[in-house]
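Secondary and tertiary structure notes
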Amino acid sequence: MAALLTSVRVVTTASAADARAPLIAVDIGHTVSAPGAISARGRTEREFNLELALRVVQALRDRGLRARLVNADGMIASLEARPAAVPDADFFLSIHHDSVSEWELETWVWQGHEQTFSDRWQGHSMFVSRRNPDLARSLLCGSTIGARMQRMGFVPTEKNARRRDYADSLHAVHFFDNLIVLYRAQQPALLFEAGVIKHRDEELLLRDPERQTRMADAIATGLAACLTTPG
Ligand SMILES: [Zn+2]
């Protein structure tokens, strides 16, 4: 964790951002004790989420927006506590990495350890909740992020269309009404799935620092666009 924090070099001192600039809460999905999915090579989802979230915070600040990490230590008490951690945020963004269903998994041996994987699905997707107080802005931001991602060459997944209706099929934004972090948020909110860590090739891409930076750039550019568009 310390190594991660220093290698990404998030600026934690007073930011140059205007105090009136939109404030984004960047939530690191999962916790130390419940770290989420395990990648094809045995790495926890939380580790992926942490790396990308730090880069997103930096990318937002680079654009003059304000950003605050939620759950940096991985010890947050509950899902409800996540949006409550930054009550004055203008947007709540929860960073996750996707997995697959149990029945889709195959086994392989990586560095002497048996691991599970599936090379069937890859790509990013997003979720919004109709129970959020500002669905319109939540969806607008999902669409602007998705558009920016695709323009930069990232390809979304249709994996989650099997269970979740599309809110914006072109940009892989789905409805997931009962996600607690989305409907307990007092501001527009989005859950971002960066890619499928059970996919053996995509896992490596998702660990690539240069690609993480490009993805963070796409997210920050999309958010800057939707949060400065008059409602
Ligand atoms: Zn997750």
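Let's talk about the packing of helix α2 (residues 45–62) against helix α7 (residues 209–227)
As a packed pair, α2 and α7 sit with axes 8 Å apart at the nearest point and diverge in direction by 50°. Taken together, the axis directions place α2 and α7 in an arrangement best described as oblique. Here the hand of the crossing between α2 and α7 comes out right-handed. In this structure, α2 contributes Glu51, Leu52, Arg55, Val56, Gln58, Ala59 and Leu60 to the contact, and α7 contributes Gln212, Thr213, Met215, Ala216, Asp217, Ile219, Ala220 and Leu223. Partitioning the contact of α2 with α7 into residue classes produces nine nonpolar, three polar and three charged.

A word on the confidence of the model for the chain
Do not read the fine detail of predicted coordinates wherever pLDDT is low. In this model, the chain carries a mean pLDDT of 93, and residues with pLDDT of at least 70 account for 92%. Below a pLDDT of 50 lies the segment residues 1–15, which in the model reaches 13 contacts outside its immediate sequence neighbourhood of four places, other chains included.

Comments concerning the environment of alanine 136
By secondary structure assignment, the location of alanine 136 is in helix α4 (residues 135–151). Residues alanine 136 and methionine 126 lie ten residues apart in sequence; the distance between their C-alpha atoms is 15 Å.

Quick look at α4
If you check α4, its first and last C-alpha atoms are 24 Å apart, about what 17 residues at 1.5 Å a residue would give, namely 24 Å. For α4, a buried count of twelve out of 17 residues is recorded, marking the element as mostly surrounded by other parts of the structure. Among the residues making up α4, those that are buried are Arg137, Ser138, Leu139, Leu140, Cys141, Gly142, Ser143, Thr144, Ile145, Gly146, Arg148 and Met149. Of the surrounding elements, those touching the buried residues of α4 are β3 (91–98), β6 (125–128), β7 (166–168), β8 (173–175), β9 (189–196) and α7. With its phi angle positive at about 100°, glycine 153 sits one or two positions after the end of α4.

Some remarks on the environment of glycine 222
Looking at where glycine 222 falls in the secondary structure, it is placed in helix α7. Spatially, the C-alpha atoms of glycine 222 and glutamine 186 are 21 Å apart, while their sequence positions differ by 36 residues.

Notes on the packing of α4 against α7
Between α4 and α7, whose axes approach to 8 Å, the crossing angle comes to 140°. Between α4 and α7, the angle is such that the two are oblique. With respect to the hand of their crossing, α4 and α7 are arranged in right-handed fashion. Contact residues: α4 offers Arg137, Leu140, Cys141, Thr144, Ile145, Ala147, Arg148 and Met149, while α7 offers Ala218, Ile219, Thr221, Gly222, Leu223, Ala225 and Cys226.

Criteria and cut-off values
Residues numbered from 1 in each chain as written. Predicted model: local features only at pLDDT ≥ 70, side-chain atom pairs only at ≥ 80, totals over all residues. Axes fitted to C-alpha atoms, helices over the stretch in contact; angles between N-to-C directions. Helix = DSSP H or I, 4+ residues; strand = E, 2+ residues; numbered from the N terminus. Parallel < 35°, antiparallel > 145°, perpendicular 65-115°, else oblique. Left-handed = near helix turned anticlockwise from the far one by under 90°. Contact = placed C-beta atoms within 7 Å. Nonpolar A, V, L, I, M, F, W, Y, C, P; charged D, E, K, R; others polar. pLDDT = per-residue confidence, 0-100. Expected span 1.5 Å × (residues − 1). Buried ≥ 20, exposed ≤ 12 C-beta atoms within 10 Å, placed from the backbone.

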